[in-house]
Amino acid sequence: MLACHPARRPIAITKLSAILTQLQLAEAYVQYVAKDSNRHGFSKDDSLKKYTLSILHEQGVTEESFRYSLNWYTRHPDLLDSAYQQVLSGLSILQTRNQ
C-alpha cells in the first residue's frame, strides 16, 4: 500500500519574487565587493551562500522549500516568467529611487 503524502505547494509567487529580488541584489553586492576587495580569504561563493541563507531565513523559507519551488516554477515557465517580471519591476523601482 502506498503512503499518502500531502500535496506539496511551491512558495507563493509574490514571496518567490521578493526572494529572487533580494538574491539579485546580494549577488550584485558580492560581485562589487569581490572586484574591489583585496581581503585575504574573501570568497564570492561563501559570501553569496551566507547572504542566500540569511535572505531565506528572513523570509521564513527553508533551502529545501526554495529549491523545490524553483524546480516547480521551472516546470511552469509562464509563472516563472511572471515572477521574474515582478523581480525586474522591483529592481527598476529601486534603481529609480537611487538616481
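It should be noted that the structure appears before, not after, this text.
Residues numbered from 1 in each chain as written. Predicted model: local features only at pLDDT ≥ 70, side-chain atom pairs only at ≥ 80, totals over all residues. Heavy atoms only, no water.

Moving on, we get to helix H4 (residues 77-97). With 21 residues, H4 should cover 30 Å at 1.5 Å per step; its first-to-last C-alpha distance of 30 Å lies within 8% of that length. Buried within H4 are the following residues: Leu 80, Ala 83 and Val 87. Across the axial projection of H4, the buried residues extend over an arc of 60°, all falling on one side. Exposed residues on H4 whose side chains face more than 90 degrees from its buried face are Asp 78 and Thr 96. (Helix = DSSP H or I, 4+ residues; strand = E, 2+ residues; numbered from the N terminus. Expected span 1.5 Å × (residues − 1). Buried < 20%, exposed > 50% of the residue type's maximum accessible area, 1.4 Å probe, protein only. Arc of directions from axis to C-beta.)

Right, let's get into the side chain of Thr 21. On the secondary structure map, Thr 21 appears in helix H1 (residues 13-36). For Thr 21, the side chain forms a polar contact with the main-chain oxygen of Ser 17, separated by 2.8 Å. Among residues more than four places away in sequence, those in contact with Thr 21 are Val 87 and Leu 91. (Polar contact = N/O pair within 3.5 Å; in protein donor to acceptor, adjacent residues only side chain to side chain. Contact = heavy atoms within 4.5 Å.)

Turning to the pattern of salt bridges, a few remarks are in order. Using the criterion set out here, one finds 3 salt bridges in the structure. One salt bridge in this structure joins Lys 49 and Glu 63, with 2.6 Å as the shortest N-O distance. Here Lys 49 is found in helix H2 (residues 44-59), whereas its partner Glu 63 is found in helix H3 (residues 63-74), with 14 residues between them in sequence. Taking relative accessible area as the criterion, Lys 49 reaches 37% and is therefore assigned partly exposed. A salt bridge links Arg 67 to Glu 63; its shortest N-O distance comes to 3.1 Å. Of this pair, Arg 67 and Glu 63 both sit in helix H3, 4 residues apart, which is roughly one turn of that helix. Given the relative accessible area of 49%, Arg 67 is considered partly exposed. Take Glu 63: its relative accessible area is 27%, and that puts it in the partly exposed class. (Salt bridge = Lys/Arg side-chain N within 4 Å of Asp/Glu carboxyl O.)

Judged by nonpolar contacts, the single largest core of 14 residues is most densely connected at Ile 11, Leu 16, Ile 19, Leu 20, Leu 23, Val 61 and Phe 66. Counting residues per element, this core draws most heavily on H1, at 5 residues. Not counting chain neighbours up to four residues away, the residues in contact with Leu 23 comprise Thr 52, Ile 55 and Phe 66. (Core = buried A, V, L, I, M, F, W, Y, C linked by side-chain atoms within 4.5 Å.)

So, on to the packing of aromatic side chains. In this description, a pair of aromatic rings is defined by centroid distance and the angle of the planes. On inspection of all chains with the given rule, the structure shows 2 aromatic pairs. Relative to Tyr 51, the ring of Tyr 29 lies with its centre 6.0 Å away and its plane at 85°, an arrangement referred to as edge-to-face. Separated by 22 residues along the polypeptide, Tyr 29 in helix H1 and Tyr 51 in helix H2 bring together distant segments of the chain. On the accessibility criterion, Tyr 51 (35% relative accessible area) is partly exposed. With centroids separated by 4.9 Å and ring planes inclined at 85°, the aromatic side chains of Trp 72 and Tyr 73 adopt a geometry described as edge-to-face. (Phe/Tyr/Trp six-rings, centres within 6.5 Å; stacked < 30°, edge-to-face > 60°.)

The values are spatial; any link to function lies outside them.
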